[in-house]
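One-letter residues, chain by chain:
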Amino acid sequence: MRYFWLLLTVVLVCLIFVNSSLPATDSGKLSGFVAQLALQLSHLLDISLKGNVEHNIRKLAHFLEFACLGLLWCKVFASFRVSNRVSTGYILLFCLVTAVVDEYIQLSSPGRDGKVMDVLLDFSGALCAWLWYRIVQWCE
């Protein structure tokens, strides 16, 4: 089972990097599609969405994909029976490095740019997931 978690983690990192390498037009089409779905769903549920929905969905997606990455790294280290004290630094370091590389890849993608705020947003998703995982462990 340990290699299953590791494989899922590697696949997610690859997906993150592939999404970062998409040109702005392709990335925008995907975000626009999801934003339209969210708007249609909000109309069905009689919910009013304000502001730049596409921008907010993009930021939420970054946060959530890195939250998933943080959880996967927690599962990887737990499956290899690495202590919480040792694994914490590695988990957060790997997530931070992934966020930095993600933004660096965007610098070379047509029409896209890398931002320090996006690195912080990505890392905060991983940090929140790691914290949640540790709280759940502590409560068991």
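Remember, it's a predicted structure, so these values are computed and weren't measured experimentally.

Engineer: Where do I start with the overall build of the protein in this structure?
Structural biologist: Secondary structure assignment for the protein yields five helices and zero strands. For the protein, the N- to C-terminal ordering of α and β elements is α-α-α-α-α. In terms of overall dimensions, the protein has C-alpha extents of about 45 × 40 × 25 Å along its principal axes. Counting the 140 residues in the protein, one finds 34% classified as buried. Restricting to contacts in the protein with at least 6 residues of sequence separation, those with at least 24 account for 73%. Mean positive and mean negative side-chain charge positions of the protein (11 and 10 charges, respectively) differ by 9 Å.

Engineer: Is there a simple way to explain a nonpolar patch on the surface in this structure?
Structural biologist: There is a patch of nonpolar side chains on the surface, built from L41, L44, L45, I47 and L49 and spanning about 510 Å² of accessible area. By the secondary structure assignment, L45 is in the loop between α2 (24–44) and α3 (53–79).

Engineer: I keep staring at the side chain of R112 and nothing clicks. Help me out?
Structural biologist: Structurally, R112 is set in the loop between α4 (84–107) and α5 (116–139). For the buried R112, which has no salt bridge, the nearest side chain bearing the opposite charge is D102, at an N-O separation of 6.4 Å. One polar contact links the side chain of R112 to the main-chain carbonyl oxygen of N19, over a distance of 2.8 Å.

Engineer: Looking at this structure, I do not really get the packing of α3 against α5. What am I missing?
Structural biologist: As a packed pair, α3 and α5 sit with axes 7 Å apart at the nearest point and diverge in direction by 45°. Relative to α5, the element α3 is oriented oblique. In this structure, α3 meets α5 at a crossing whose hand is right-handed. Facing α3, whose interface residues are K59, H62, F63, F66, A67, G70, L71, C74, K75 and A78, α5 presents D118, L121, D122, S124, G125, A126, C128, A129, W130, W132 and Y133.

Engineer: Please clarify how unusual backbone geometry should be interpreted in this entry.
Structural biologist: Peptide bonds are, in most cases, trans, and in most cases residues other than glycine have a negative phi. For D46, which is not glycine, the phi torsion reads 60° and is therefore positive. Inspection of the secondary structure puts D46 in the loop between α2 and α3. Positive phi outside glycine occurs at R81, with the angle close to 55°. With respect to the secondary-structure elements, R81 resides in the loop between α3 and α4.

Reading the values: rules and limits
- Residues numbered from 1 in each chain as written.
- Predicted model: local features only at pLDDT ≥ 70, side-chain atom pairs only at ≥ 80, totals over all residues.
- Heavy atoms only, no water.
- Helix = DSSP H or I, 4+ residues; strand = E, 2+ residues; numbered from the N terminus.
- Buried < 20%, exposed > 50% of the residue type's maximum accessible area, 1.4 Å probe, protein only.
- Contact = heavy atoms within 4.5 Å.
- Lys, Arg positive; Asp, Glu negative; His and termini not counted.
- Charge placed at Lys NZ, Arg CZ, Asp CG, Glu CD.
- Patch = residues over 30% accessible without salt bridge, like charges linked within 9 Å, V, L, I, M, F, W, Y side chains within 5 Å.
- Areas by Shrake-Rupley, 256 points an atom, 1.4 Å probe, with all protein chains shown as cover.
- Salt bridge = Lys/Arg side-chain N within 4 Å of Asp/Glu carboxyl O.
- Polar contact = N/O pair within 3.5 Å; in protein donor to acceptor, adjacent residues only side chain to side chain.
- Axes fitted to C-alpha atoms, helices over the stretch in contact; angles between N-to-C directions.
- Parallel < 35°, antiparallel > 145°, perpendicular 65-115°, else oblique.
- Left-handed = near helix turned anticlockwise from the far one by under 90°.

This is a description of form; function is not addressed.
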